[in-house]
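Below, each chain spelled out in residue letters.
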Amino acid sequence: MSLQCGIVGLPNVGKSTLFNCLSNAKAQAANFPFCTIEPNVGVITVPDERLNKLAELVNPQRIVPATVEIVDIAGLVKGASKGEGLGNKFLANIRETDAILHVLRCFDDDNVTHVDGSIDPVRDKEIIDAELQLKDLETIEARIQKVEKQAKTGGDKEALRALNIYLKFREALQQGLSARTVKFDNKDDEKIARELYLLTYKPVLYVCNVDEASAVTGNKYVDAVRESVKNEDAEILVVAAKIESEIAEFETFEERQEFLQEIGLTESGVSRLIKSAYHLLNLQTFLTAGPQEVRAWTFHRGWKAPQCAGVIHTDFEKGFIRAEVIKYDDYIALGSETAVKEAGKMSVEGKEYVVQDGDVIYFRFNV
């Protein structure tokens, strides 16, 4: 399951520094706009201590964690929706991602220039929001033109349904609101909405890039961002990208943890960001454990057992018979699959079972 989060923001807010910390890829982190012209893609491991604990019991040949792709997209500028600053290319790169990590500069540093001359993360957010909204409005206007006549004079019920959805989006966008503020109760309507691939309909995580002194508590800039997004369906994460680049230099986990404790953190910002990105995409993890491997498999929250079986192999879904499920906590508490079975803690589930995060599953199938 290939899923992507795109890192966006104005130039010089810390996107590429953060990307480097995430993936150890070497995107240029230079002090001028457009140093990242081609999007850089990194495959990021999702931190999950459950894998290590299972591996201690099972002693597999390998451990395979879940992953998410992170795409570092060059800095947007005002006018991007009209092609300013290579805008069209960048907007196309954003369109291909599943979620947006919007990095906002929330630190003062005279040595790092700001494209607009002053530090104001709320203004920066609004600049990018406006560019994405304008591009979405362009998309919606084109769709309305395409179906309006068909819906009103042709009696096409599906066209009418689509038109009503497009009109809701247009109304929101014309008011300067992002498409994600429009809610649908009907799943079919939601499906039509998703298939538009609107930039501002994608889930978003605002990443407030702060200085070292603000890494734990945040600062006035973070408070301003939090206030500005309180009515949005969005999340906020505070990260000090400069500290994260220092953490990445340590060779051992113990050294990293010691450094984090010294500055008052229990977990690195990179780790929190990856977990937040995973959550942002509405993803969860089921596990498999055996002598060959202990592995995390990614699935969408709410998926049933056959769909999750299909993540491993399409044949597993086609020929699904049953799922033998052990709860992670039971596996750890009892120490082995055999002990779990003897304690009557393994359940046998059918096609309607909704898989839960952390389930350790063995699928039975026949093709």
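Just so it is clear, the model here is predicted, and its values are computed rather than measured.

Caption draft 1: Local environment of the sheet that holds strand β4 (residues 67–72). The strand order across the open sheet built from 6 strands is β2-β4-β1-β5-β6-β7, with neighbouring strands paired in mixed fashion. The open sheet has two edge strands, β2 (40–45) and β7 (235–239), and neither has a second partner. Direction aside, neighbouring strands of the sheet carry axes that sit 25° apart on average. Bridging between strand β6 (residues 204–209) and β7 involves 5 bridges; their strand directions are parallel. When the sheet's bridge partners are listed, Y206 is paired in β7 with I236. Where helix α7 (residues 220–228) meets the sheet, it contacts β5 (99–105), β6 and β7, and its direction lies at approximately 170° from that of β7.

Caption draft 2: Fine view of helix α10 (residues 269–280). Under the 1.5 Å per step criterion, the end-to-end length of α10 is 16 Å for 12 residues, consistent within 8% with the ideal 16 Å. Within α10, 9 of the 12 residues are buried, leaving the element largely enclosed by the surrounding structure. For α10, the full list of buried residues reads G269, V270, S271, L273, I274, S276, A277, Y278 and L280. Of the residues one or two after α10, N282 is the one with positive phi, at around 60°.

Caption draft 3: Representation of the confidence of the model for the protein chain in the model. With 89% of its residues at a pLDDT of at least 70, the protein chain reaches an overall mean of 85. Taken as a whole, residues 25–37 scores under 50 in pLDDT and shows 33 contacts with residues more than four places along the chain or in a different chain.

Caption draft 4: Structural view of the layout of surface pockets. The space that makes up the largest pocket amounts to roughly 1100 Å³. Contributing to the lining of the largest pocket are 40 residues, with T45, V46, P47, D48 and S271 lying nearest its centre. Secondary structure elements with two or more residues in the lining of the largest pocket: α1 (15–23), β2, α2 (49–58), α8 (241–247), α9 (253–263), α10 and β8 (283–289). Class assignment of the residues belonging to the lining of the largest pocket gives a composition of 20 nonpolar, 11 polar and 9 charged. Every residue lining the second largest pocket is counted, 27 residues in all, and those nearest its centre are D98, R194, Y201, K202 and P203. Here the residues of the lining of the second largest pocket sort into 12 nonpolar, 3 polar and 12 charged.

Reading the values: rules and limits
Residues numbered from 1 in each chain as written. Predicted model: local features only at pLDDT ≥ 70, side-chain atom pairs only at ≥ 80, totals over all residues. Heavy atoms only, no water. Pairing = 2+ DSSP bridges. Helix = DSSP H or I, 4+ residues; strand = E, 2+ residues; numbered from the N terminus. Axes fitted to C-alpha atoms, helices over the stretch in contact; angles between N-to-C directions. Contact = heavy atoms within 4.5 Å. Expected span 1.5 Å × (residues − 1). Buried < 20%, exposed > 50% of the residue type's maximum accessible area, 1.4 Å probe, protein only. pLDDT = per-residue confidence, 0-100. 1 Å grid on protein atoms, 1.4 Å probe; cavity = no way out; pocket = protein on both sides within 12 Å on 5 of 7 lines; lining within 4 Å. Points joined across faces, edges and corners; volume = space filled by probe spheres on them. Nonpolar A, V, L, I, M, F, W, Y, C, P; charged D, E, K, R; others polar.

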